[in-house]
4 protein chains.
Amino acid sequence: MFRDHTLKLAEEKVFKDPVHKYIYVQDELIWDLINTKEFQRLRRIRQLGTSYLTFHGAEHSRFSHSLGVYEITRKIISQFERHGYSDWPQEEKWVSLCAALLHDLGHGPFSHSIEQIFDLHHEGWTCKFLLEDTEVNRVLRRVSDDFPEKVASVICKNYDKPIVVSLVSSQMDADRMDYLLRDAYFTGVNYGTFDLERILRVLRPYKEKIVVKESGMHAVEDYLMSRYQMYWQVYFHPVTRSSEIILRQIFRRARELYNEGYSFQYMTGSFRKLLQGDLTVQDYFLLDEAMAQTVFMQWTEEADELLSDLCARFLNRRLYKYITMDDKNEALWNEIRKEFEAAGLRPDYHLEIDFPFDLPYDVYQPGEAEGEEKPPILLQGPNGDLSEISGKSDIIRSITGLHLGKYHLYYPDDLLQSKADKLSYGIRQLFGIS
Amino acid sequence: MFRDHTLKLAEEKVFKDPVHKYIYVQDELIWDLINTKEFQRLRRIRQLGTSYLTFHGAEHSRFSHSLGVYEITRKIISQFERHGYSDWPQEEKWVSLCAALLHDLGHGPFSHSIEQIFDLHHEGWTCKFLLEDTEVNRVLRRVSDDFPEKVASVICKNYDKPIVVSLVSSQMDADRMDYLLRDAYFTGVNYGTFDLERILRVLRPYKEKIVVKESGMHAVEDYLMSRYQMYWQVYFHPVTRSSEIILRQIFRRARELYNEGYSFQYMTGSFRKLLQGDLTVQDYFLLDEAMAQTVFMQWTEEADELLSDLCARFLNRRLYKYITMDDKNEALWNEIRKEFEAAGLRPDYHLEIDFPFDLPYDVYQPGEAEGEEKPPILLQGPNGDLSEISGKSDIIRSITGLHLGKYHLYYPDDLLQSKADKLSYGIRQLFGIS
Amino acid sequence: MFRDHTLKLAEEKVFKDPVHKYIYVQDELIWDLINTKEFQRLRRIRQLGTSYLTFHGAEHSRFSHSLGVYEITRKIISQFERHGYSDWPQEEKWVSLCAALLHDLGHGPFSHSIEQIFDLHHEGWTCKFLLEDTEVNRVLRRVSDDFPEKVASVICKNYDKPIVVSLVSSQMDADRMDYLLRDAYFTGVNYGTFDLERILRVLRPYKEKIVVKESGMHAVEDYLMSRYQMYWQVYFHPVTRSSEIILRQIFRRARELYNEGYSFQYMTGSFRKLLQGDLTVQDYFLLDEAMAQTVFMQWTEEADELLSDLCARFLNRRLYKYITMDDKNEALWNEIRKEFEAAGLRPDYHLEIDFPFDLPYDVYQPGEAEGEEKPPILLQGPNGDLSEISGKSDIIRSITGLHLGKYHLYYPDDLLQSKADKLSYGIRQLFGIS
Amino acid sequence: MFRDHTLKLAEEKVFKDPVHKYIYVQDELIWDLINTKEFQRLRRIRQLGTSYLTFHGAEHSRFSHSLGVYEITRKIISQFERHGYSDWPQEEKWVSLCAALLHDLGHGPFSHSIEQIFDLHHEGWTCKFLLEDTEVNRVLRRVSDDFPEKVASVICKNYDKPIVVSLVSSQMDADRMDYLLRDAYFTGVNYGTFDLERILRVLRPYKEKIVVKESGMHAVEDYLMSRYQMYWQVYFHPVTRSSEIILRQIFRRARELYNEGYSFQYMTGSFRKLLQGDLTVQDYFLLDEAMAQTVFMQWTEEADELLSDLCARFLNRRLYKYITMDDKNEALWNEIRKEFEAAGLRPDYHLEIDFPFDLPYDVYQPGEAEGEEKPPILLQGPNGDLSEISGKSDIIRSITGLHLGKYHLYYPDDLLQSKADKLSYGIRQLFGIS
């Protein structure tokens with residue numbers, strides 16, 4: 001059953017990729033992993049969740065991103081091998097490549113939203129896919145019995161070689177480098193285009209870390225500026241936030257109804273298990289974005305008005321509007337909630353206050369903050385000495401810790417308009433209702 | 001109920017688009033059409049059907065393409081207006097823009113495959129969406145009672161102003177120009193990038209036609225070469241054909257089972273109506289690619305082995321392999337069918353002979369062949385005289401009518417391998433089975 | 001002799017331009033200006049001076065940049081006209097376009113270096129070309145007798161309509177927007193690519209200023225970040241500085257020799273006038289970079305060793321090397337000079353201390369500093385209120401006034417090496433001489 | 001004096017290149033060659049001669065092209081080495097890289113024109129630079145005494161390893177691949193962009209040839225189509241031809257005057273030697289485009305009106321206009337010449353009939369025509385069998401041998417206009433003189 005995992009394919013396989021031009025696969029092991037049904041499932045999970053409702057080009061899948069992370073990792077390792085750097089443990093190549101390829105395997109439909117409501121963790125599901133009885137597990141076990149566990153521990157960041165972990169997960173890892181370039185390409189924005197070739201060339205393994213040759217500092221600056229712009233202009237876009245809020249409300253309402261014993265006209269097995277909280281790997285496998293959209297589409301005809309309205313809003317893109325506030329103001333917010341309630345709206349659904357904090361994406365942090373597992377970016381000078389980049393780069397230092405966040409109050413404008421006569425003058429002014 | 005259709009939005013709306021950089025909407029009419037649920041549904045229909053199984057970036061939707069066709073049409077008309085060309089009927093602006101935006105409204109999931117099996121026609125469904133009781137219809141009727149009919153007749157090519165029809169449908173129309181650029185962008189191939197700006201600048205209305213200023217000939221050559229390369233390297237890609245074959249077989253098998261009274265473990269209302277052949281507009285509205293994928297996913301667990309195998313092949317991308325033949329050889333093909341049958345395979349499913357003919361895409365044809373409704377490309381010389389482009393351009397003449405087609409025999413390699421001992425030596429050789 | 005300056009060309013002229021794709025000329029006036037010999041001379045002046053010695057692609061000329069500035073100005077004005085903004089004085093179109101096209105007419109060979117040594121000012125020479133007996137002057141006078149003066153006063157920033165001046169000269173003018181994009185393109189760096197289309201769309205004339213619609217703030221941020229990166233990574237590149245130093249030394253030495261009565265084996269009329277300090281317009285016309293290079297090439301064989309060495313260094317790219325110091329240290333520098341002198345080197349030539357201050361390019365300054373004639377960038381909110389951009393944008397505020405400059409000590413490494421035995425241990429260490 | 005030619009630089013050198021992104025130099029030998037004064041001279045020779053008068057971006061130098069050819073050659077060889085192909089003679093790496101880098105060393109100013117008039121051959125001058133007493137020669141001789149001869153023989157195509165010659169000179173060599181991409185980039189046209197990465201990947205050494213893996217056929221088609229479009233739309237552009245004609249006439253007139261004993265007011269040593277026909281390597285070294293332009297500029301004030309007019313035309317871009325004829329018509333042409341003469345024009349200068357034949361660039365020719373030294377492109381099938389590409393590719397076959405040439409009659413329109421009253425009605429009609 002074991003099979004030499006270093007076997008080459010008879011013929012190299014080529015994927016045409018808009019970001020890396022081509023992605024080359026020469027190893028049977030990698031090729032067989034790509035062809036498992038668990039990996040193919042990633043075609044049905046969008047890389048950017050609901051962002052396509054803001055940027056219509058952003059329909060790209062986690063499948064293409066995963067291939068991209070593999071490709072960048074392959075290039076880094078091949079550069080390390082070509083230079084024969086002694087600090088790179090050559091035997092870690094396979095576990096690194098597999099972890100890079102498979103790191104997103106456990107993402108569910110519209111991951112960030114579903115995870116918050118149902119307390120799921122995609123990393124945990126990735127590990128289940130790797131370790132339980134799956135096609136992926138069978139391919140990995142051909143290398144050795146403990147190979148699936150090794151790959152899983154890299155992804156869960158407790159592998160005993162930190163340098164391998166940092167390839168896939170650090171402040172400038174293969175994951176981020178691919179998604180910044182890819183998301184910029186598919187949304188069509190023109191921030192987000194840093195010089196990948198240059199960066200790959202200045203990476204060096206050094207002791208247990210990956211560091212950057214100092215002469216590459218400007219390319220890293222450019223990468224961090226791209227990242228900064230992408231976060232604020234794409235990832236935190238308030239329209240995208242609005243669609244995520246509606247999505248979370250759908251899941252929240254469905255669970256509420258389920259717990260109340262509501263009888264759904266339409267339900268799939270996987271969705272029932274999700275609401276129940278006892279998903280198996282097989283259920284989770286079936287739970288992709290196609291199914292989520294189909295369920296929502298059917299639910300537009302449910303008897304529960306709140307649920308059917310939310311589903312129709314999501315599918316037909318009638319999103320919540322928002323107003324912006326610089327500061328926290330609980331007193332005002334409570335006042336609004338009361339008025340909403342008095343007017344026959346549901347403040348638990350029709351008012352959502354959002355602050356871009358505790359988000360899936362973070363801006364660059366030089367230190368290793370508590371709980372922050374992503375190592376900072378280290379520059380290596382000509383004498384081998386290391387320094388954290390914001391100590392060297394004025395421009396990085398100047399944006400580090402910049403906090404642009406404001407409070408956004410999301411609400412259904414059409415509903416609010418229809419209740420205008422029940423709202424006070426002040427509230428009408430605030431929400432721009434004439 | 002009528003509303004001035006020339007009303008401008010208080011604030012211009014902007015879509016970020018990777019192909020045209022930005023798409024601008026200034027008119028309330030266009031904005032309201034985009035926000036109908038029928039138009040939003042196009043987000044759930046891919047522009048290139050199953051091509052994403054060959055080119056993983058090709059996940060872009062008909063929603064983005066439709067915006068692009070609108071944008072190109074808007075630019076052409078605005079150029080005509082700016083120059084004040086008297087041959088352009090200015091009052092046709094609105095019907096042209098609406099037809100451009102809505103021309104693909106009736107596409108179903110994986111259109112080309114589903115249309116062949118169920119004898120559906122997306123143009124017909126587009127007209128139903130325009131003319132029956134829909135959100136789109138309500139918006140269009142604000143212009144005038146007969147406006148929906150006018151838009152429909154442009155799309156069905158029987159509008160009484162041929163120049164309007166040719167904007168949306170000719171050998172070099174806004175539709176093709178957008179899809180070539182867009183499909184090249186999302187697949188990542190680098191044929192397919194002609195000089196749109198130049199072409200838009202050399203278009204002229206002339207009598208009832210749109211012609212090209214002769215000085216723009218090279219840009220048109222480049223467009224036709226792009227188109228040629230895109231057809232053979234993207235649209236007719238044999239791997240994409242393989243996935244289309246499997247898709248058609250799924251639909252074929254499901255209908256067969258339905259007609260036999262087979263009891264499906266999983267079925268949606270819309271799918272049942274599709275198999276029955278009596279879809280309403282509301283059923284069709286629900287029938288998107290998310291639903292098709294969800295149904296197929298559930299069917300991977302159907303009792304009928306053929307159906308469940310086909311669905312699993314499609315979703316997990318275990319496609320049919322193919323061998324190539326230069327010439328037609330019915331005798332040989334029958335022999336293969338017999339052997340397949342004898343070996344326990346089903347030749348009606350396990351052997352599909354494909355020839356890229358009668359395809360959804362055609363290469364450039366200078367003449368108006370019988371049944372060919374797409375007018376050719378006319379160059380206009382300095383004296384106003386017209387000539388068909390292949391009469392002027394050696395390179396176009398040289399590729400016109402070039403026929404690269406070969407026969408491809410598609411088959412499930414894994415199944416065939418498993419029956420190797422039941423196949424003759426010749427057949428094993430032919431299919432490369434050792 | 002007057003001729004209607006609004007006459008259109010019989011046929012529009014098109015320039016293929018890598019930055020703007022096409023540059024269109026429809027007006028006879030503009031076309032005739034482009035075809036004057038003074039404008040064609042700009043083909044023989046490089047846009048980036050000696051930068052081609054650092055970035056080999058940077059051979060582009062001021063001719064192409066001037067066309068680009070014209071094109072951007074044309075687009076801005078045409079946008080203003082299309083929207084019918086009443087704050088834009090429509091009659092100023094022609095003076096604006098001519099000033100945009102001709103603003104760099106007076107640049108000499110390697111302008112920034114030659115200007116410092118000979119106290120020339122390219123703006124002054126531009127005005128001479130406009131006002132004296134030249135082909136350009138003859139074309140401009142066809143508009144009206146005072147038209148050349150009007151164009152000159154826009155370029156010299158004392159025209160009585162500040163809005164016209166700010167089109168061509170402000171913190172975000174047509175000049176800078178073209179050169180950032182163009183210099184990025186030809187050097188091949190990938191900072192420097194901001195979203196021109198977006199910026200052009202959010203510009204508005206407002207009272208006597210050009211302001212930016214607030215919704216365009218991110219595009220402006222991106223423009224300022226590009227500019228920041230271009231300054232530090234292209235314009236202030238230390239290798240380019242080295243070549244400029246050598247160039248200035250050539251001019252300095254030649255003047256010294258001329259003043260000493262040295263007899264040059266090779267000299268042209270224009271160069272003699274330059275050294276004498278009494279250039280006429282006709283001399284200056286002949287003084288282009290081809291002539292400068294030819295003179296330097298001949299001077300590689302002059303008897304004066306210092307001059308011939310400097311010329312050979314410049315042409316054969318044997319530049320001075322440099323070491324970097326964070327702080328000013330006059331004492332140390334004097335010590336170095338003394339040692340150099342004692343070792344037989346010439347400290348007035350063989351040591352040049354450079355600090356990127358008082359440079360031709362400046363980074364963004366929000367206020368109108370004394371002597372700073374470039375108005376800041378103003379955002380216009382929905383209510384028409386204006387605010388300076390660094391008050392709204394955290395990222396701009398964070399880079400404003402950032403000063404990255406260090407001291408660079410430039411010296412001829414080969415000469416220094418040859419004198420190693422005459423230098424103290426400390427100096428040898430400092431200059432890395434073993 | 002010998003020095004190990006495989007020595008690596010202490011630190012890799014990087015050139016920023018717009019076409020290849022970066023060009024890397026790791027070897028001391030290559031770095032030292034780049035820094036010779038003969039190689040640096042290539043900065044003063046434009047890659048596309050007078051094309052900048054048609055495409056203003058085309059100011060790029062042979063210096064950047066030569067680096068590009070080196071880079072492509074380096075990539076091909078490194079791919080061969082990585083795969084360990086046994087048909088590639090590894091010891092030929094250095095001679096190949098040096099020949100790639102230095103193949104254009106002998107180009108003079110505006111080469112193609114000057115070569116025709118003075119019967120010079122840039123390949124011959126390249127060999128002189130390699131073999132005589134030059135900096136380049138000294139660097140090459142460090143490898144071995146016969147190394148300069150070896151490099152020269154590769155460039156002159158008589159090296160005894162044809163595979164090495166074909167790297168630098170064949171139908172799809174490193175030279176052409178670089179110049180097509182580079183010329184497209186700097187002119188800004190968007191034909192000319194084929195997929196270099198793909199092509200490099202499918203090249204294979206096979207016996208004494210370099211062949212293309214059959215799966216790369218489409219990429220080669222695209223390359224050949226690019227080449228086709230570039231020839232007709234850039235290299236053979238009639239405006240460029242006009243400027244070349246004027247340039248040749250300048251050289252022709254100057255030689256005529258020289259032979260007549262005319263006394264030039266301005267002359268340089270190198271130019272005198274050129275006219276005399278006894279250039280030494282040192283003279284030729286000085287003869288760059290800066291000098292040519294400077295001489296022409298001074299000659300605009302020569303007493304000979306013909307010469308001064310031609311020089312002013314060239315520098316101020318007052319080119320000859322042209323009319324086009326499909327067929328040869330010596331009788332008509334003689335009639336024109338007679339009328340020109342009678343009108344006081346000089347038909348030997350004022351009428352030049354041009355036919356794009358026997359040009360520096362050729363379109364693809366599948367066979368090895370007599371005298372044709374460039375081997376055709378061979379595809380290698382899965383079984384190792386070779387076939388010439390036009391036998392496999394319909395599209396290549398269809399453009400092979402296409403001949404688009406027409407006769408162009410070039411003439412000075414302004415002069416002709418001034419003689420209108422002395423010309424017959426027929427001639428006035430022909431030249432569009434009213």
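Residues numbered from 1 in each chain as written. Chains lettered and ligands numbered in written order. Predicted model: local features only at pLDDT ≥ 70, side-chain atom pairs only at ≥ 80, totals over all residues.

Going by an unreviewed UniProt entry, chain A carries the name HD domain-containing protein and comes from Paenibacillus roseus.

> Give a detailed account of the UniProt feature "domain: HD" (unreviewed entry) in chain A, specifying residues and quantitative values.
As recorded in UniProt, the feature "domain: HD" (unreviewed entry) lies at residues 62–180 of chain A. Taken as a whole, residues 62–180 of chain A contains 67% helix and 0% strand, while its terminal C-alpha atoms sit 13 Å from one another. (UniProt positions renumbered as here; feature names shortened; annotations may be inferred. Helix = DSSP H or I, 4+ residues; strand = E, 2+ residues; numbered from the N terminus.)

> Which residues make up the relation of the copies chain A and chain B, and what values do they have?
Structural alignment of chain A on chain B gives an RMSD of 0.0 Å, achieved by rotating through 180 degrees and translating 0.0 Å along the axis. On this basis, the relationship between the two copies can be described by a two-fold rotation axis. Among all residues of chain A, the one whose C-alpha sits closest to the rotation axis is Ala 290 of chain A, at a distance of 2.1 Å. Of the residues that chain A buries at the interface, 100% are likewise interface residues in chain B, meaning the two copies contact each other through the same surface. (Least-squares fit on C-alpha atoms with pLDDT ≥ 70 in both. Contact = placed C-beta atoms within 7 Å.)

> Let's hear about the relation of the copies chain B and chain D: which residues, and what values?
Mapping between the two copies of the chain is achieved by a rotation about an axis and a shift along the axis. For these two chains of identical sequence, chain B goes onto chain D by a turn of 180 degrees and a shift of 0.0 Å along the axis, with RMSD 0.0 Å. Both copies present the same face, since 100% of the interface residues in chain B are matched by interface residues at the equivalent positions in chain D.

> Outline the interface of chain A and chain B, listing residues and values.
Interfaces are often sized by the accessible area lost when the parts come together. At the junction of the two partners, chain A supplies 30 residues and chain B supplies 30 residues. Contributions of two or more residues to the side of chain A that touches chain B are made by β1 (8–17), α2 (37–40), α3 (62–83), α10 (174–187) and α16 (289–299) of chain A. With five residues, the top contributor of residues to the side of chain A that touches chain B is α16 of chain A. When the residues that make up the side of chain A that touches chain B are grouped by side-chain class, the tally is twelve nonpolar, eleven polar and seven charged. (Nonpolar A, V, L, I, M, F, W, Y, C, P; charged D, E, K, R; others polar.)

> Quick one: what's the story with the pairing of strand β2 (residues 21–27) of chain C, residue by residue and with numbers?
Residues and elements named next belong to chain C. Of the pairings in the sheet, the one linking strand β1 (residues 8–17) to β2 comprises six bridges and is antiparallel in character. Paired with Lys 8 across the strands is Asp 27, a residue of β2. Remark: three residues form the turn of the hairpin made by β1 and β2, two consecutive strands paired antiparallel. (Pairing = 2+ DSSP bridges.)

> Go over the interface of chain B and chain D with me, naming the residues and quoting the values.
Opposite the 15 residues of chain B that make contact, chain D presents 15 residues. Looking at the side of chain B that touches chain D, the elements with two or more residues in it are α12 (217–235) and α21 (394–399) of chain B. Residue composition of the side of chain B that touches chain D, by class: six nonpolar, six polar and three charged.

> Lay out the sheet that holds strand β8 (residues 386–388) of chain C in plain terms, naming residues and giving numbers.
All names here are of chain C. Across the sheet, four strands lie side by side as β3-β4-β7-β8; this open sheet has mixed pairing. Every interior strand has two partners, whereas the edge strands, β3 (203–206) and β8, have only one. Strand-to-strand twist in this sheet, taken as the mean axis angle between neighbours without regard to direction, amounts to 45 degrees. Both β3 and strand β4 (residues 209–213) contribute to a ladder of four bridges, which runs antiparallel. (Axes fitted to C-alpha atoms, helices over the stretch in contact; angles between N-to-C directions.)

> Before we move on, could you go through the nonpolar core and cite the residues and values that matter?
By size, the foremost hydrophobic cluster in this structure holds 496 residues, and its most contacted members are Val 151 of chain A, Val 151 of chain B, Val 151 of chain C together with Val 151 of chain D. Beyond its immediate sequence surroundings of up to four residues, Val 151 of chain C is in contact with Val 95, Cys 98, Ala 99, Leu 102, Leu 130 and Leu 140 of chain C. (Core = buried A, V, L, I, M, F, W, Y, C linked by C-beta atoms within 7 Å. Buried ≥ 20, exposed ≤ 12 C-beta atoms within 10 Å, placed from the backbone.)

> Help me get a handle on the sheet that holds strand β6 (residues 352–354) of chain A, residues and values and all.
Residue and element names in this part refer to chain A. Taking strand neighbours across the sheet as the criterion, the three strands line up as β5-β9-β6 in an open arrangement whose pairing is antiparallel. Of all strands in the sheet, those with a lone pairing partner are β5 (321–325) and β6, marking the two edges. Neighbouring strand axes in the sheet, compared pairwise and without regard to direction, differ in orientation by 25 degrees on average. Pairing of β6 with strand β9 (residues 407–411) involves three bridges; the strand directions are antiparallel. Counterpart to Ile 353 in the pairing with β9 is Leu 409. Contacts between helix α13 (residues 238–259) and the sheet are confined to β5, β6 and β9, with β9 contributing the most and set at about 50 degrees to the helix.

> How would you explain the domain arrangement of chain A if you had to name every residue and give the values?
Residues and elements named next belong to chain A. As assigned here, chain A comprises domain 1 (8–191 + 202–220) and domain 2 (237–319). Look at where the C-alpha atoms of domain 1 and domain 2 centre, and you get two points 29 Å apart. Each partner contributes to the interface: domain 1 provides 24 residues, whereas domain 2 provides 21 residues. Secondary-structure elements contributing two or more residues to the side of domain 1 that touches domain 2 are α5 (111–118) and α6 (122–131). (Domains from an automatic or database assignment.)

> Before we move on, could you go through helix α3 (residues 62–83) of chain B and cite the residues and values that matter?
With 22 residues, α3 of chain B should cover 32 Å at 1.5 Å per step; its first-to-last C-alpha distance of 32 Å lies within 8% of that length. Two residues or fewer after α3 of chain B comes Gly 84 of chain B, characterised by a positive phi angle close to 60 degrees. (Expected span 1.5 Å × (residues − 1).)

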